[in-house]
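# Summary of structural features
Here are the chains, one letter per residue:
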Amino acid sequence: MLFLVHMQVNIPHDLDPADAAALIAKEKAYSQELQRNGTWRHLWRMVGQYANYSVFDVASNDELHQKLSALPLYPYMTLEVTPLAQHPSALAPN
Ligand SMILES: O=C(O)C[C@H]1C=CC(=O)O1
């Protein structure tokens, strides 16, 4: 099952910069692990924003919720999730 996920990151300005840097490093490692194993199919930066559009490939809503809620930056994110279906005019299945 494919899901489009919009992640907006809102790190509080009063968070210690070292704590913020550590969270961002953990987030990078976690996202790259999921990209390597095929769960996190696309990761695109939104120009001019601390936000991304991502495509996740998971077996269920519950798996997506588990993966998203384990994001190290999850406490500082606003997430929007859109389930995706195949488009009948697409040249190749996604
Ligand atoms: O930077 C972001 O968009 C948030 C998050 C997603 C991957 C990652 O490394 O950080």
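Residues numbered from 1 in each chain as written. Predicted model: local features only at pLDDT ≥ 70, side-chain atom pairs only at ≥ 80, totals over all residues. Heavy atoms only, no water.

Keep this limit in mind: UniProt positions are given in the numbering used here, feature names are shortened, and annotations may be inferred rather than shown by experiment.
Within an unreviewed UniProt entry, the label attached to the protein chain reads Muconolactone Delta-isomerase, and the organism entered is Stutzerimonas kunmingensis. The record held by UniProt for the protein chain lists under Pathway (unreviewed entry) the comment "Aromatic compound metabolism; beta-ketoadipate pathway; 5-oxo-4,5-dihydro-2-furylacetate from catechol: step 3/3." Its UniProt record, at the heading Subunit (unreviewed entry), says of the protein chain: "Homodecamer."

## Quick notes on the sheet that holds strand β1 (residues 2–9)
How we decide: By definition, two strands form a pair when at least two bridges between them are found by DSSP. The secondary structure listing takes helices from DSSP runs of H or I that are at least 4 residues long and strands from runs of E that are at least 2 residues long, numbered from the N terminus. Helix axes use the C-alpha atoms of the stretch in contact, all axes being lines fitted to C-alpha atoms, and the angles between their N-to-C directions lie in the range 0 to 180 degrees. In what follows, a contact means two residues having at least one pair of non-hydrogen atoms within 4.5 Å.
If you trace the four strands from one edge of the open sheet to the other, you get β2-β3-β1-β4, paired in antiparallel fashion. Only two strands of the sheet have a single partner each, and these edge strands are β2 (40–45) and β4 (77–84). On average, each strand axis in the sheet is inclined to that of its neighbour by 15°, with strand direction left out of account. Note that β1 and strand β3 (residues 51–57) share seven bridges and pair antiparallel. Looking at β3, one finds that methionine 7 is bridged to asparagine 52. Across the face of the sheet, helix α1 (residues 17–36) comes into contact with β2, β3 and β4 while running at roughly 135° to β2. Contacts between helix α2 (residues 61–69) and the sheet are confined to β1, β3 and β4, with β1 contributing the most and set at about 25° to the helix.

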